[in-house]
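Examination of the molecular architecture
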Amino acid sequence: MGKDLLEELAIIFREVFEDETITLSRNTTATDIEQWDSLTHIEMIVAVEKHFSIRFNSMDLKKLENVGDLTDMIQQKRGA
Amino acid sequence: MLTMEADIKREDAVVQPYPPVKISLWKKITYRRQKWGDAIWLAMTKNIPFLQIFYKTKDTEAFVNFKLWFMQKVLGFNRGAYWPMHYTSTVIEPKNVLVGIGSAPGLSPGCYIQGRGHLYIGDYVGIGPNVGIMAGTHHLHDLRIPRNGVTKIGNYCWIGMNSVIMPNIELGDFTIVQAGSVVKNSFKEGYCVIGGNPATLIKQFPPESYHLFERYKNKYEYNGFIPAHKFAAWRKENIWV
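Residues numbered from 1 in each chain as written. Chains lettered and ligands numbered in written order. Predicted model: local features only at pLDDT ≥ 70, side-chain atom pairs only at ≥ 80, totals over all residues.

Across its full length, chain A carries four helices and zero strands. Reading the helices (α) and strands (β) of chain A from amino to carboxyl end gives α-α-α-α. Relative to the globule expectation of 12 Å for 80 residues, the C-alpha radius of gyration of chain A, 12 Å, shows essentially globular dimensions. A buried classification covers 11% of the 80 residues belonging to chain A. When contacts within chain A are restricted to residue pairs at least 6 apart in sequence, long-range pairs at least 24 apart make up 50% of them. (Helix = DSSP H or I, 4+ residues; strand = E, 2+ residues; numbered from the N terminus. Rg over C-alpha atoms; globule rule 2.2 N^0.38 Å. Buried ≥ 20, exposed ≤ 12 C-beta atoms within 10 Å, placed from the backbone. Contact = placed C-beta atoms within 7 Å.)

To continue, consider the pairing of strand E16 (residues 200-204) of chain B. Residue and element names in this part refer to chain B. Bridge count for strand E15 (residues 192-195) against E16 is four bridges, and the pairing is antiparallel. Bridging from a neighbouring strand, isoleucine 194 pairs with leucine 201 of E16. The hairpin turn running from E15 into E16, its antiparallel successor, is four residues long, and glycine 196 in that turn takes a positive phi close to 100°. (Pairing = 2+ DSSP bridges.)

All names here are of chain B. Within the element layout of this structure, methionine 161 appears in the loop between strand E10 (158-159) and strand E11 (164-165). Using a count of 15 C-beta atoms within 10 Å as the deciding quantity, one classes methionine 161 as partly exposed. The spacing of methionine 161 and tyrosine 191 is 30 residues in sequence and 19 Å in space, taken between C-alpha atoms. Contact partners of methionine 161, with chain neighbours within four places excluded, come to Gly128, Pro129, Asn130 and Ala179.

All names here are of chain B. Taken together, five strands build an open sheet; the order of strands is E1-E3-E6-E11-E14 and the sheet is parallel. The sheet terminates laterally at strand E1 (90-92) and strand E14 (182-183), the two strands that pair on one side only. Strand direction decides the pairing type here: strand E6 (residues 132-134) and E11, joined by two bridges, are parallel. Residue pairing in the sheet places glycine 132 in a bridge with valine 164 of E11.

Our focus in this paragraph is the confidence of the model for chain A. The predicted model of chain A averages 88 in pLDDT, with 95% of residues at 70 or higher. Averaged pLDDT values for the elements of chain A fall to 86 in helix H3 (residues 58-63) of chain A and rise to 91 in helix H2 (residues 38-52) of chain A. (pLDDT = per-residue confidence, 0-100.)

Below, the discussion takes up H2 of chain A. Every α-helix winds through 3.6 residues per turn, so residues three or four apart in the chain are directed the same way. Taking 1.5 Å per residue as the helical rise, H2 of chain A with its 15 residues ought to reach 21 Å, and the 21 Å between its terminal C-alpha atoms agrees with that figure. Looking one or two residues beyond H2 of chain A, the residue adopting positive phi is serine 53 of chain A, at roughly 45°. (Expected span 1.5 Å × (residues − 1).)

Before going further, it helps to examine the pairing of strand E9 (residues 149-153) of chain B. Residues and elements named next belong to chain B. Two strands pair when backbone bridges link them, and strand E4 (residues 117-121) and E9 are joined in this way by five bridges, in the parallel orientation. Among the inter-strand pairings, isoleucine 121 is bridged to a residue of E9, identified as isoleucine 153. Here E9 runs beside strand E12 (residues 170-171); their pairing, made up of two bridges, is parallel. What sits directly across from lysine 152, in E12, is glutamate 170.

This is the structure in structure tokens:
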């Protein structure tokens, strides 16, 4: 389950950040991907919301530290 | 192998503690005095009613601290302003300026706030040092004749250091102005990043992302020195906007 989610996320990340070489792990952070700044972060979150048809709020975004946190949050939102 | 190398590097990166330094008795005493002084000041401002503004605005963007309050209210730098201001900032016609909750134009040093006409500043606006915000301009051919204008800045805007907001501009909510930009055109929609001279749109966020912007609120809400719940009544009597 966790791995599939990472692969799905990787596809989204490659589209948003326009870089085909991106590979994700649970420990990937914004410093590992060059194009990931505060502006593209919002784009990425919107793309993730559309793809999984879930909705984040600003408090959720504060808690995110790395991709692992994002996958956990997505699973939580889908389960709920 | 790769992971091993990474682990070794991470261990090396651990910051070593400073070597022990001998602290003189005088330093110890001053440190203790400061600590006790801070604690006493905190207790005083928390419990004595007329000092509570220092406590309640302590960790906010528009904080009132004793030094700046003394400069403003006792020595009289920008005494006319009803919100906390730095003594190196200038405000012209503060009665034409409407300041929202949690924002204080000119609290950063070196600002120039000009209220010829109407100047509306929204809630929780962050304003950097050396920013110029203007409401009015002057006659096209005769510089001696002032012309009133209306400038509006929306809620939760950030205005970077050294920016200039020209007269008759409207910025929507969540507009982020990059440092050093000169804003000559209105951006009424908001939710954007603007910058440059003249300021152009760098990034416009789509409506789907509006719910991701955080609308934080202070625990104690103040419009400048006035509590927010008294502000509506105060405004009718004391200012012109």
